[in-house]
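This is what each chain is made of:
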Amino acid sequence: MKFNVKITSQASEEKGNLLVCGIYQENEKNPSRCFDNLNSSMKSFITGIISRGDFKGIVGNSLIIYPKGEIGFDKLLLVGMGKKEELNAEKIRQVASVSLKAVKRINLKSFSTLLFGIERNDLQLSNIVEAMIEGFELTDYRFTDFITEKKDEIKKIDEITLIHDEKEDEIRSAVKMGKIMADATVLARNMGNWPANIGTPTKIASVAEELARTHDQLECEVFSQPELEQMNFGSFLSVARGSNEPCKFIVIKYEPSSSAKQTIVLIGKGITFDSGGISLKTPNKMWEMKMDMSGAAAVIGAIKGVSELQLPLRVIGLIPATENLPGGISPNKPGDIITSLSGKTIEIINTDAEGRLILVDAITHAAKYKPDIVIDIATLTGACMVALGSFASGIFSDDDELVAELVEAGKQIHERLWRLPVWEEYEKGMESEIADVKNLGERMGGASYAAAFLKHFTTKDYRWAHVDIAPTMLSEKESHYVPKGATGVGVRLFLQFLRNRSKIEE
Ligand code: BES
Ligand code: ZN
Ligand code: ZN
């Protein structure tokens, strides 16, 4: 999708096929700048439509009207923006989404739009534009990798022109930012939607390698099974041995051009299919477990974004990638005791609690980079879904400030995080009588027990947080700019968090 920026003080005199105009719920009291931009006869026409009750400016509403030569555009699309005082970045994404869908319904490939919400002094122009771009790009997304027939019937928007009367440079740079955030999310969505026979660990590694080839400041190193045996990744390999599909441990590093003051390690769970292993899952919805690598996708997407945003931080992505199957040469069996990279022994109680097994070796390996912060992201527990439904991911950490930063980033980009505890009691609950730890705690509070298992493998040398995206990896039904399927959750969260962090450092 191409974005043009047009600076003019006479928007309605521009020529084009369709102009989007945002309207507040109480248009008489709160006319938008979009509305004010129109000439007086268009304004009274729209006021008439509103007063007859044919259009209400609530978010979700849209109406096409035909200006018949009153303005330079063939069509005018009115879109509701809700109450002026309630408009925020998320509503702007939603309004952008509603607009794009309305344009697609009438088969147009391009349109123009005035900027939404610029009359609100507390909303920054750059935030408004970024939110609009995210809303447009993420709404236009469809997973088409495997559609061979009727592909040309899939409607796509080619070009959008943003019209405003000033600050061209600020708008252009916000367009760039928004596109980077959205494109990185699209990569993660595609990876999440890939079926497991295509999105293998090898394929994930090749995505990371390709990124490193095309992005100057990225470097990628991929370790395969024999090397990992040598390196003693015992916990990760215990899972990988259940499948004949080769496992990979992927390291993808971003080194900024100026010297970095902080190093942040992001670890993503990369189970490309989770059958449960010997503790086999029931068939119902098992196909969804092709998305059990959504943490890996979030990390790869975030690293792509970080390098394009050129953030002044060293960011290292670690991805243990494997299938969790009950086959291979020697799958984990309940009761087995394995030795992790850290040297700690683990009693396997349930082979379906595999995410934590692959993550702990990555956590141990992370120390090698002397990180300031380590954050892991994983589709870790059904229990987290039970706790939160589908509206938030779980965040677990003892570090109040780190939690606050992540929660704030989540609010900004509307990937909400909700804190759940990871207290000592949960850690105690993960101790084994015959090994150092066991991989299963209580059923009740399962998300916190899983987090506590990970915590056993962290050290005080860095700050650590765990994000459980099991609740949010998948959207069951389309909602505004989040279509059905893989959501790409975590990418914008990490990018926003890292952008905020790089400002703290300045
Ligand atoms: N990948 C699953 C968790 C999951 C479930 C993610 C549903 C997304 C949607 C994880 O590996 C798993 O199987 N967890 C078990 C843990 C249990 C055995 C302690 C679970 O949640 O049931
Ligand atoms: Zn599992
Ligand atoms: Zn899993």
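So, how was this worked out
- Residues numbered from 1 in each chain as written.
- Chains lettered and ligands numbered in written order.
- Predicted model: local features only at pLDDT ≥ 70, side-chain atom pairs only at ≥ 80, totals over all residues.
- Heavy atoms only, no water.
- Helix = DSSP H or I, 4+ residues; strand = E, 2+ residues; numbered from the N terminus.
- Rg over C-alpha atoms; globule rule 2.2 N^0.38 Å.
- Buried < 20%, exposed > 50% of the residue type's maximum accessible area, 1.4 Å probe, protein only.
- Contact = heavy atoms within 4.5 Å.
- Donors = N, O, S within 2.8 Å, 3.2 Å for Na, K, Ca; no water.
- Tetrahedral: all angles 85-135°; square planar, octahedral: opposite > 155°, others 65-115°.
- Core = buried A, V, L, I, M, F, W, Y, C linked by side-chain atoms within 4.5 Å.
- Near = heavy atom within 4 Å.
- Polar contact = N/O pair within 3.5 Å; in protein donor to acceptor, adjacent residues only side chain to side chain.
- Nonpolar A, V, L, I, M, F, W, Y, C, P; charged D, E, K, R; others polar.
- 1 Å grid on protein atoms, 1.4 Å probe; cavity = no way out; pocket = protein on both sides within 12 Å on 5 of 7 lines; lining within 4 Å.
- Points joined across faces, edges and corners; volume = space filled by probe spheres on them.
- Domains from an automatic or database assignment.
- Pairing = 2+ DSSP bridges.
- Expected span 1.5 Å × (residues − 1).
- Arc of directions from axis to C-beta.
- Buried area = accessible area lost by both parts, 1.4 Å probe.
- Salt bridge = Lys/Arg side-chain N within 4 Å of Asp/Glu carboxyl O.

Undergrad: Any chance you could explain the overall build of the protein here in plain terms?
TA: Counting secondary structure elements, the protein contains 15 helices and 20 strands. Taken over C-alpha atoms, the radius of gyration comes to 25 Å for the protein, in line with the 23 Å a tight globule of 506 residues would show. Based on the C-alpha atoms only, the size of the protein along its principal axes is roughly 80 × 50 × 45 Å. Considering the protein as a whole, with its 506 residues, one finds that 58% of them fall into the buried category. For the protein, long-range pairs separated by at least 24 residues make up 77% of all intrachain contacts whose partners lie at least 6 apart in sequence.

Undergrad: Explanation requested: the coordination of the zinc ion (ligand 2) in the structure shown.
TA: Reference values for coordination geometry: four tetrahedral donors around a metal ideally subtend 109.5 degrees, six octahedral donors ideally subtend 90 or 180 degrees. Coordination sphere of the zinc ion (ligand 2), protein contribution only: D274 (OD), D352 (O), D352 (OD) and E354 (OE), at 2.0 to 2.2 Å. Because the angles between the 6 donor atoms bound to the zinc ion (ligand 2) fall within 70 to 166°, the donor set is best described as irregular. The distance between the zinc ion (ligand 2) and the zinc ion (ligand 3) comes to 3.3 Å, and D274 binds to both of them. With a gap of 78 residues between them, D274 in strand 10 (residues 270-274) and D352 in the loop between strand 13 (345-347) and helix 10 (355-366) connect regions that are remote in the sequence. The class of D274 is buried, set by a relative accessible area of 3%.

Undergrad: Even after reading the chapter, I still don't get the nonpolar core, so can you show me in this structure?
TA: With 54 residues, the main nonpolar core has M191, L266, I300, I375 and L498 as its most contacted residues. With 9 residues, helix 9 (residues 294-309) is the largest single contributor of residues to this core. Ignoring anything within four residues of it in the chain, the contact list for M191 reads I204, V207, M293, A297 and I300. Counting residues in each nonpolar core, the second largest holds 48 residues, with F223, L228, Y369 and L380 among its members.

Undergrad: Help me understand the coordination of the zinc ion (ligand 3), please; the structure alone is not making it clear to me.
TA: Every protein donor of the zinc ion (ligand 3) is listed here as K269 (NZ), D274 (OD), D292 (OD) and E354 (OE), and their distances to the metal cover 2.0 to 2.4 Å. For the zinc ion (ligand 3), the 6 donor atoms in the first shell make angles of 77 to 173° at the metal, so the coordination geometry reads as octahedral.

Undergrad: I tried to follow the site of ligand 1 on my own but got confused; where do I start?
TA: Taken together, 17 residues are adjacent to ligand 1, and D274, K281, D352, E354 and G382 come closest. The contact in question runs from an oxygen atom of ligand 1 to an N or O atom on the side chain of D274, over 2.9 Å. At 2.9 Å from an oxygen atom of ligand 1 is found a side-chain nitrogen or oxygen belonging to E354. Residue composition of the shell around ligand 1, grouped by class: 6 nonpolar, 4 polar and 7 charged.

Undergrad: Is there a simple way to explain the layout of surface pockets in this structure?
TA: Unoccupied space between atoms shows up once a probe the size of one water molecule is rolled over them. As a volume, the second largest pocket reaches approximately 310 Å³. Every residue lining the second largest pocket is counted, 16 residues in all, and those nearest its centre are A89, N127, E130, Q412 and Q496. The dominant element in the lining of the second largest pocket, judged by the number of residues it contributes, is helix 4 (residues 125-139), at 5 residues. There are two domains that each give the lining of the second largest pocket at least three residues, and those are domain 1 (2-166) and domain 2 (182-505).

Undergrad: Would you explain the side chain of S235 in this entry?
TA: Along the polypeptide, S235 turns up in helix 8 (residues 234-240). Relative accessible area serves as the criterion here: at 0%, S235 is assigned to the buried category. At 2.8 Å, the side chain of S235 forms a polar contact with the backbone oxygen of L357. Among all residues touching S235, those that are not within four sequence positions of it are I338, T339, S340, I346, L357, V360 and D361.

Undergrad: What is the right way to look at the sheet that holds strand 17 (residues 437-438) in this model?
TA: Sheet strands associate in pairs through backbone hydrogen bonding, adopting either a parallel or an antiparallel arrangement. Strands sit in the order 12-13-17 across an open sheet of 3 strands; the sheet is mixed. Looking at which strands have only one partner, the edges of the open sheet turn out to be strand 12 (337-339) and strand 17. Pairing analysis gives 2 bridges linking strand 13 to strand 17, with the strands arranged parallel. Bridge pairing in strand 17 places I346 opposite V437.

Undergrad: Looking at this structure, how should I read helix 14 (residues 446-455)?
TA: Because the α-helix completes a turn every 3.6 residues, residues three or four places apart line up on one side. Among the 10 residues that make up helix 14, 10 are buried, leaving the element largely enclosed by the rest of the structure. Among the residues of helix 14, those classed as buried are G446, A447, S448, Y449, A450, A451, A452, F453, L454 and K455.

Undergrad: Is there a simple way to explain helix 6 (residues 201-214) in this structure?
TA: The first and last C-alpha atoms of helix 6 sit 20 Å apart over 14 residues, in line with the 20 Å expected at 1.5 Å per residue. When we look at burial in helix 6, the residues that qualify are P201, I204, A205, V207, A208, L211 and A212. Angular distribution of buried residues about the axis of helix 6 spans 155°; they occupy a single face of the element. Next to the buried residues of helix 6 lie helix 5 (168-193), strand 7 (218-224), strand 8 (248-254), strand 10, helix 9 and strand 11 (314-324).

Undergrad: Help me out: how do you make sense of the domain arrangement of the protein in this one?
TA: The parts lose accessible area when they come together, and the size of an interface is often stated as this lost area. Taken domain by domain, the protein comprises domain 1 (2-166) and domain 2 (182-505). In total, domain 1 and domain 2 occlude about 1,600 Å² of area from one another, counting both sides; carbon and sulfur atoms represent 59% of this. In this assembly, domain 1 and domain 2 are joined by 3 salt bridges. The salt bridge partner of E134 is R492, with a shortest N-O separation of 2.7 Å. Applying the counting rule to domain 1 against domain 2 returns 11 residue pairs in polar contact (both at pLDDT 80 or more). Listed by contribution, the elements that provide at least two residues to the side of domain 1 that touches domain 2 are helix 3 (89-105) and helix 4. It is helix 3 that contributes the most residues to the side of domain 1 that touches domain 2, 7 residues altogether. In the side of domain 1 that touches domain 2, the residues fall into 6 nonpolar, 4 polar and 7 charged.

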